[in-house]
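Fold and contact review
Single-letter residue listing:
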Amino acid sequence: MPSPFPECLQTPDGQTRLIKHFNERAIDDHSAAWSNLWDTDESDMWDRGKPSPALIDLLEQKADALSAITPDGKRKSALVPGCGKGYDVVMLALHGFDVVGLEVSATGVTVAKEYASNELSKPQEYNFGASWVDTQRGSVSFIEGDFFKSDWEQEKKYDLIYDYTFLCALPPVLRSRWASRMADLLTPGGMLICLEFPLYKDPKLPGPPWGLKGVHWNLLAEGGDGIIEDEVHQGPQGGSFTRMMYIKPERSYESGKGTDMVSVYIRK
């Protein structure tokens, strides 16, 4: 099973292929660089091969707090930025959400649409956990667009956003913009669910993936810039989010197993 950002995919000089691909690129060129990897069929460098086991378990074990249905009976909307081949988009829809997957690459959107069409017709067992309760599935759609631009946005905001390997793929200078965009795209009271990865990596080392220990809390709860280079301390909570849950998942991808954390933040 492929792992996201596998550290073993190294060039002869010891750098990962992914890090080397982004070395010395201007920030404004990163979107094009990701699209290039899709177009040259190199998504193996981050492809997960299946939806997040940690997210599946969270949705099923905390079903009351994370219900896909609003108190007035409407279906909640969800967004997965940097959705890759669409594994989590489809899984969220199978758990009842109306889900939008966002990808910067036209090739990536085409691949995701094909995956969703096949998977929704005959879902594989990896979409469900031990606490699965059958429910009416939601809708799935995919959009090509840059997360930091507004031209792809729909009129409504989202009730839930899921982030796994999106924040860790961004250069650290973009982290505060990531937090601001998340706040803008969520409804008041909406949930941002993060599978925090990688927490084992020294934040001073180059990425992607960039080490994120303490970064989510600093950005979302404290309202900081997310640049964490020394010991993590919790400061005043002046951010746009309140942390509702912080859980070490029993199941996760092999690349982060034992160190990953799942956090659920509520938009103030």
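The protein chain has the name Methyltransferase domain-containing protein in an unreviewed UniProt entry, where Aspergillus glaucus CBS 516.65 is given as its organism.

Moving on: the packing of helix H3 (residues 53-61) against helix H4 (residues 87-94). Where H3 meets H4, the axes come as close as 11 Å, and the angle between the chain directions of the two elements is 15°. Regarding the angle of H3 to H4, the classification is roughly parallel. Crossing hand, H3 versus H4: right-handed. Counted together, Leu55, Ile56 and Leu59 of H3 and Asp88, Met91 and Leu92 of H4 form the full contact between these two elements. Among the residues forming the contact of H3 with H4, the class breakdown is five nonpolar, no polar and one charged.

Between side chains of opposite charge, a pair can form when the charged atoms approach closely. Applying the stated criterion across every chain, the model contains seven salt bridges. Asp98 is the partner of Arg75 in a salt bridge, and the nearest nitrogen-oxygen pair spans 3.9 Å. Separated by 23 residues along the polypeptide, Arg75 in the loop between H3 and strand S1 (77-81) and Asp98 in strand S2 (residues 98-103) bring together distant segments of the chain. Between Asp202 and Lys204 there is a salt bridge whose closest N-O contact spans 3.6 Å.

All right, on to the sheet that holds S2 then. If you trace the seven strands from one edge of the open sheet to the other, you get S3-S2-S1-S4-S5-S7-S6, paired in mixed fashion. Looking at the sheet topology across the chains shown, the edges are occupied by strand S3 (140-144) and strand S6 (241-247). When strand polarity is set aside, the average angle formed by the axes of neighbouring strands in this sheet is 20°. Pairing analysis gives five bridges linking S1 to S2, with the strands arranged parallel.

Another aspect to go through is the environment of Arg181. As for its placement among the helices and strands, Arg181 is situated in helix H6 (residues 175-185). In this structure the C-alpha to C-alpha distance between Arg181 and Asp64, which are 117 residues apart in sequence, comes to 27 Å. Those residues in contact with Arg181, other than ones at most four positions away along the chain, are Phe147, Phe148, Lys149, Ser150, Trp152 and Glu153.

The next thing to look at is the nonpolar core. Counting residues in each nonpolar core, the largest one holds 69 residues, and the members touching the most others are Trp178, Leu192 and Ile193. Here this core gets seven residues from one element, more than from any other, and that element is H4. Apart from residues no more than four positions distant in its own chain, Ile193 is found in contact with Leu55, Leu58, Leu66, Leu160, Ile161, Tyr162, Asp163, Val262, Ser263 and Val264. Core analysis: the second largest hydrophobic core is formed by nine residues, Leu18, Trp34, Leu37 and Ala169 among them.

The rules behind the values
Residues numbered from 1 in each chain as written. Predicted model: local features only at pLDDT ≥ 70, side-chain atom pairs only at ≥ 80, totals over all residues. Heavy atoms only, no water. Axes fitted to C-alpha atoms, helices over the stretch in contact; angles between N-to-C directions. Helix = DSSP H or I, 4+ residues; strand = E, 2+ residues; numbered from the N terminus. Parallel < 35°, antiparallel > 145°, perpendicular 65-115°, else oblique. Left-handed = near helix turned anticlockwise from the far one by under 90°. Contact = heavy atoms within 4.5 Å. Nonpolar A, V, L, I, M, F, W, Y, C, P; charged D, E, K, R; others polar. Salt bridge = Lys/Arg side-chain N within 4 Å of Asp/Glu carboxyl O. Pairing = 2+ DSSP bridges. Core = buried A, V, L, I, M, F, W, Y, C linked by side-chain atoms within 4.5 Å. Buried < 20%, exposed > 50% of the residue type's maximum accessible area, 1.4 Å probe, protein only.

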